[in-house]
Amino acid sequence: QDRCRFRARRSTRRTVVKATRSMQSIQTPETVSKSAASGSSEPVEAVSVVVVGGGPHALAALAALVGGDGKSPVRGTVAVIDPGSHFLDAWYGRFRALEIDRLRSPAYVHPSAFEPTALVEFAIREGRTAELEAAPVAVQWMPTTDHRPEHADSSGASLLKALPSSALFRDFCASLEAELPHKWLRGTATRVARAGGGGGGGGSSFRVQYSAAGEPHELREVEAAALILATGPVGAWSIPPPFAPLLSAASSACGRVLHSEQLLTQGRGTLREEVARRSGGDGGPASVLVIGGGISAAQAALTASRAGHRVVLRSRRPLQSRPFDIAVGWLDVRHADRLRFEYLCLPPTRRLQAIRDATAGGSVPAPYLEELQRLAASPGSSLRIEVTA
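Residues numbered from 1 in each chain as written. Predicted model: local features only at pLDDT ≥ 70, side-chain atom pairs only at ≥ 80, totals over all residues. Heavy atoms only, no water.

(A) Broad picture of the environment of Gln373. With respect to the helices, strands and loops of the structure, Gln373 is situated in helix H12 (residues 366-377). Sequence separation of Gln373 and Ile385 is twelve residues, and the distance between their C-alpha atoms is 8.1 Å. (Helix = DSSP H or I, 4+ residues; strand = E, 2+ residues; numbered from the N terminus.)

(B) The arrangement of the packing of helix H3 (residues 89-98) against helix H5 (residues 166-179) in detail. Contact pair H3 / H5: the axes reach a minimum separation of 12 Å and the direction vectors enclose 165°. When the interaxial angle is binned, H3 and H5 end up roughly antiparallel. Between H3 and H5 the crossing geometry is left-handed. Across the interface between the two elements, Trp91, Tyr92 and Phe95 of H3 pack against Ser166, Phe169, Arg170 and Cys173 of H5. (Axes fitted to C-alpha atoms, helices over the stretch in contact; angles between N-to-C directions. Parallel < 35°, antiparallel > 145°, perpendicular 65-115°, else oblique. Left-handed = near helix turned anticlockwise from the far one by under 90°. Contact = heavy atoms within 4.5 Å.)

(C) Summary view of the side chain of Ser158. Checked against the element boundaries, Ser158 lands in the loop between strand E4 (132-133) and strand E5 (163-164). Exposure remark for Ser158: the relative accessible area of 19% places this residue in the buried category. A distance of 3.2 Å separates the side chain of Ser158 from the backbone nitrogen of Leu160, its partner in a polar contact. (Buried < 20%, exposed > 50% of the residue type's maximum accessible area, 1.4 Å probe, protein only. Polar contact = N/O pair within 3.5 Å; in protein donor to acceptor, adjacent residues only side chain to side chain.)

(D) Just the packing of helix H9 (residues 295-306) against H12, in detail. Two elements in contact, H9 and H12, have axes separated by 10 Å at closest approach and are oriented at 45°. Viewed along their axes, H9 and H12 adopt a mutual orientation that is oblique. The two elements H9 and H12 meet at a crossing, and its hand is left-handed. Contacts from Ile295, Ala298, Gln299, Ala301, Leu302, Ser305 and Arg306 of H9 reach H12 at Tyr368, Glu371, Leu372 and Leu375. Tallied by class, residues from the contact of H9 with H12 come to seven nonpolar, two polar and two charged. (Nonpolar A, V, L, I, M, F, W, Y, C, P; charged D, E, K, R; others polar.)

Dropping the structure here:
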């Protein structure tokens, strides 16, 4: 097992080095002349690596590049471009909007790339192990070969398997961010192109254009030998056709139809506050229809029900519960390397479907599902669960 873990870490390190092998051409921050085609006289800032995005994957990439055992594959500056003011800004906004107080991932799944016990050790140092809650997993599984007596709770169960509170995870990531050297460029990336190499676009570095936060019309550029896109899933929102016209920009501000993503993109506070505002804000109960069968839908239904509204939760199939977003095998050190290897052997065109197969659609944590079912079964309940194909 130790050999397997070493091979996995060595493989990860090899991937990082491969992605940054051309960094010797740009090793320290400096400025270079901007091409005439850029349309601005501002200098281009040169760094070693640019990470576009500021979520958990971006922080994990930064930790892999400049953290760990001190043998960083990067010489020079890593710049991060994101609209937020710090890592996971939008991610925490989503948690606040839906009032989610606990993660679905066990405590060893976090952005500290080569230290699986880092979050648990942070909780121990801070005296916050009570914020690690046992995950409802019926099967036996092994999160890592790095087991120590101090990483167990009073019953002997491994804290690495526990689910951390959102607050604990937030504070751990903030401490990690403070430890890792990087340069934060607050803004939104608008264009990525090859730099140099003549007009054919075959240069050896990347040039990223971004609009600075608070100054959308001011475009700036940064150039790097390596580029990491950590923007998370993108694409159109899933909207049932009859409701699509009601989500236009003109009607979304005052209409009765709301997509959960709007809570984040429009900064409208929590779901509880938004439902109250859209239902007239008089404090009386409203009729709320929640469409979906995943964690966001479950949390929305529970939030609206707790606020005293009449709620119908409607999905295309019966709600299913899983302790994590994916099967436990992906989190078990005895199987995870094989599953990752099989995934990476697939052609890129089949990987998205493999991810969908692994997640098997939306699911609801057991505590949420139990509360939904309890409320729906209560006499005179104001919450109903409906399944409609």
